[in-house]
Amino acid sequence: MRKRSVWAWGVAIVCFIVLMIVTPAIPQSQEYHNFADQRKFLGIPNALNVFSNFPFLVIGLIGLVLCHHGNYFKLSLQGELWGWTCFYIGVAAVAFGSSYYHLKPNDARLVWDRLPMTVAFTSIIGIFIIERIDERKGTVSLIPLLLAGVTSIMYWRFFDDLRPYAAVQFVPCLAIPLMAILLPPMYTHSTYWLWAAGFYLLAKIEEAADKPIYNWTHHIVSGHTLKHLCAAMVPVFLTLMLAKRDIETKRISLFQSWRISWSKAKENGGAVDSHTCTYSSVAVEESH
């Protein structure tokens, strides 16, 4: 098992190196800092993009308190506690980092916007490994994953190349929904992972459509402001999941459970059709 883990890490590193060799550098576009909604309120520039970060602080602090106060979330593994603690610290820090950036958007401040988000992303990967693959491997991977995330930010800042940071963002977006669907969960209510992933995807779409959304809403709200609010729904759904879940007695993946449900639906549909045909034939015989 340990040899397979070494091979997996080796393959991942080789793939990353090859990707860095064969793809061109991706510099940070300065147009990124030109957000649609730049209105001031109470003397605060880009006010809605600043204020819309407040939900991150609220849900981050709530999550931290529930993680450590009376073990409300019933986290039975030490690695889980560390992972979720790092996640909620990252979420709460987004409120400060993103607000600081949006007060005066530039590359130097963008570091503090992206850093806490990266902590949250990489923590989630570690948590998933703990829950779905192996507790020890997931716990051990937490620090390397966090370091990889921080390193991707530093690499971008010093070399003006977004490729490592893009990988850190893209891999969780792809891996988390796939693992949520294909790997057997340790706990119930695992569909909340998919709700969280859906809101994150919606947030990315709103970010890309910042100016069109601002125009469509007649300058009421911009896509980037909505992006903050939708992204904050990710930790909200994960917090609801932690509060509701129990140990899963029948460890089958979501994909398997969907297949079983689909098979039962088909069987029930066939039974209903058979019953309908029988009833119709009896009705015809009675009419004669």
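All of these numbers come straight from a predicted model, not from anything done at the bench.

Chemist: Whenever I open this one, the overall build of the protein confuses me. Can you help?
Modeler: The helix and strand inventory of the protein stands at 11 helices and zero strands. Per-residue burial over the protein gives 41% buried out of 288 residues. At a minimum sequence separation of 6, the contacts of the protein that also span at least 24 residues come to 74%. Surface accessibility of the protein: about 16300 Å² in total, with carbon and sulfur atoms responsible for 71%.

Chemist: Explain the packing of helix H7 (residues 163-182) against helix H8 (residues 191-208) to me, please; I cannot follow it from the model alone.
Modeler: For any two helices packed against each other, the geometry is given by the interaxial angle and the distance between the axes. Following both chains from N to C, one finds H7 and H8 inclined at 150 degrees, their axes separated by 9 Å at the closest point. In terms of their interaxial angle, H7 and H8 are classed as roughly antiparallel. Considering only the axes of H7 and H8, their crossing is left-handed. Here Gln169, Cys173, Ile176, Pro177, Ala180 and Ile181 of H7 come into contact with H8, specifically with Trp193, Leu194, Ala197, Tyr200 and Lys204. When its residues are assigned to classes, the contact of H7 with H8 shows nine nonpolar, one polar and one charged.

Chemist: What is the right way to read the UniProt feature "transmembrane region" (unreviewed entry) in the protein from this model?
Modeler: The UniProt record marks residues 7-27, 47-69, 81-103, 115-133, 140-159, 165-183 and 225-243 with the feature "transmembrane region" (unreviewed entry), using the residue numbering of this structure. The span residues 115-133 is 95% helix and 0% strand, and its two end C-alpha atoms sit 27 Å from each other. Between the C-alpha atoms that bound residues 225-243 there is a distance of 28 Å. The span itself is 100% helix and 0% strand.

Chemist: Teacher, can you tell me more about the nonpolar core here?
Modeler: In a soluble, globular protein the nonpolar side chains are often hidden away together inside. If you look at the biggest cluster of nonpolar residues, it comprises 46 residues, and the most contacted ones within it are Trp84, Phe87, Ile124, Trp193 and Leu238. Elements represented by at least two residues in this core include exactly helix H3 (54-68), helix H4 (78-103), helix H5 (107-132), helix H6 (135-159), H7, H8 and helix H10 (223-244). Element by element, the count of residues in this core is highest for H5, at 11 residues. With residues up to four places along the chain from it excluded, the contact list for Phe87 reads Ala120, Ser123, Ile124, Pro235 and Leu238. Leu77, Ile130, Leu142 and Tyr187 belong to the second largest nonpolar core, which has five residues in total.

Chemist: How should I be thinking about the confidence of the model for the protein in this particular structure?
Modeler: Caution applies to low-pLDDT parts of the model: their predicted coordinates are not meant to be read in detail. For the protein, mean pLDDT is 87; residues scoring 70 or higher make up 90% of the total. When pLDDT is averaged over each element of the protein, helix H2 (residues 47-51) comes out on top at 97 and helix H11 (residues 254-287) at the bottom at 64. Confidence over residues 279-288 falls short of pLDDT 50; this stretch has zero contacts with residues more than four positions distant or in other chains.

Chemist: Looking at this structure, I do not really get unusual backbone geometry. What am I missing?
Modeler: Outside of glycine, negative phi angles account for most residues, and trans bonds account for most peptide bonds. For Lys74, which is not glycine, the phi torsion reads 55 degrees and is therefore positive. In this structure, Lys74 sits in the loop between H3 and H4. Positive phi is not limited to glycine here, since His189 has a value of about 60 degrees. Within the secondary structure, His189 sits in the loop between H7 and H8.

Rules used in this analysis
- Residues numbered from 1 in each chain as written.
- Predicted model: local features only at pLDDT ≥ 70, side-chain atom pairs only at ≥ 80, totals over all residues.
- Heavy atoms only, no water.
- Helix = DSSP H or I, 4+ residues; strand = E, 2+ residues; numbered from the N terminus.
- Buried < 20%, exposed > 50% of the residue type's maximum accessible area, 1.4 Å probe, protein only.
- Contact = heavy atoms within 4.5 Å.
- Areas by Shrake-Rupley, 256 points an atom, 1.4 Å probe, with all protein chains shown as cover.
- Axes fitted to C-alpha atoms, helices over the stretch in contact; angles between N-to-C directions.
- Parallel < 35°, antiparallel > 145°, perpendicular 65-115°, else oblique.
- Left-handed = near helix turned anticlockwise from the far one by under 90°.
- Nonpolar A, V, L, I, M, F, W, Y, C, P; charged D, E, K, R; others polar.
- UniProt positions renumbered as here; feature names shortened; annotations may be inferred.
- Core = buried A, V, L, I, M, F, W, Y, C linked by side-chain atoms within 4.5 Å.
- pLDDT = per-residue confidence, 0-100.

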